[in-house]
Amino acid sequence: MLVFEVNGKKERCPICWEECTTRIFQRLVCEVKEGDNPVKVFSILTGTSYTALLESDQESLESAIYQGTAFVFKQEPEFRKKPRATTFKLKGITVTVPEKIQRLTVGQNMHMRQELK
């Protein structure tokens with residue numbers, strides 16, 4: 001996890017797919033298009049205001065943006081290389097995985113992550 005400061009406030013940024021939450025991944029998939037500004041990606045990764053990042057004049061911010069977003073543009077997520085699970089078993093019950101994983105309940109999401117490991 002990358003820790004940096006923007007406008008006097010410490011922020012954290014995942015530096016690999018394994019550190020991303022499902023929420024961050026879904027936002028990246030839905031909101032980021034090819035050729036988008038790395039600041040937009042960094043804003044999603046950190047939950048920091050896009051406008052605040054653009055208006056910041058900190059010299060170290062450019063380096064943090066490059067370090068924090070590099071994996072999004074250069075690293076294929078390991079889980080995308082595997083076929084998508086359509087079901088998983090939970091206490092003997094077969095649960096169907098929805099096409100859009102944001103529809104999973106918290107419990108289903110946790111069990112799905114265990115199955116992917």
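Reading guide: rules and limits
Residues numbered from 1 in each chain as written. Predicted model: local features only at pLDDT ≥ 70, side-chain atom pairs only at ≥ 80, totals over all residues. Heavy atoms only, no water. Salt bridge = Lys/Arg side-chain N within 4 Å of Asp/Glu carboxyl O. Helix = DSSP H or I, 4+ residues; strand = E, 2+ residues; numbered from the N terminus. Buried < 20%, exposed > 50% of the residue type's maximum accessible area, 1.4 Å probe, protein only. Disulfide = S-S within 2.5 Å. Core = buried A, V, L, I, M, F, W, Y, C linked by side-chain atoms within 4.5 Å. Contact = heavy atoms within 4.5 Å. Expected span 1.5 Å × (residues − 1). Bend = angle between axes of the 7 residues up to and from the residue.

A.B. asks: Explanation requested: the pattern of salt bridges in the structure shown.
C.D. replies: Where charged atoms from two side chains of opposite charge approach closely, those side chains can pair. Within the structure shown, the criterion is met by two salt bridges. A salt bridge links E31 to R27; its shortest N-O distance comes to 3.0 Å. Residue E31 and its partner R27 are both found in helix 1 (residues 22-31); the two are separated by four residues, about one turn of the helix. A relative accessible area of 32% places E31 in the partly exposed class. You can call R27 partly exposed: its relative accessible area is 28%. Salt-bridge contacts for D36 lead to K40; the nearest nitrogen and oxygen are separated by 3.1 Å. Judged by its relative accessible area of 21%, D36 falls in the partly exposed class.

A.B. asks: In this structure, what is going on with the state of the cysteines? I would like to understand it.
C.D. replies: Cysteine pairs can be covalently joined through their sulfur atoms, and such a bond is termed a disulfide. According to the stated counting rule, one finds zero disulfides in the structure shown. Not engaged in a disulfide, the cysteine C16 finds its nearest cysteine sulfur in C20; these two sulfurs lie 7.2 Å apart.

A.B. asks: Help me out: how do you make sense of the nonpolar core in this one?
C.D. replies: Inside soluble globular proteins, nonpolar side chains tend to come together where they are buried. Counting residues in hydrophobic clusters, the biggest one holds 21 residues, and the most contacted among them are F4, L28, F42, L45 and L61. Breaking this core down by element, the ones donating at least two residues are strand 1 (2-6), helix 1, helix 2 (38-46) and helix 4 (59-74). If near-sequence neighbours (up to four positions away) are discounted, L61 is found in contact with F4, V6, F42, L53 and S56. Among the nonpolar cores identified, the runner-up in size contains five residues, and F88, V95, V97 and M112 belong to it.

A.B. asks: When you look at helix 4 in this model, what are you seeing that I'm missing?
C.D. replies: For an α-helix, 3.6 residues make a turn, and residues three or four places apart therefore share a direction. Taking 1.5 Å of rise per residue, 16 residues should cover 22 Å, and helix 4 covers 24 Å from first to last C-alpha, within 8% of that figure. Where helix 4 bends most, the angle comes to about 35°, and this point is G68. In this structure, the buried side of helix 4 is in contact with strand 1, strand 2 (9-13), helix 1, helix 2 and helix 3 (50-55).

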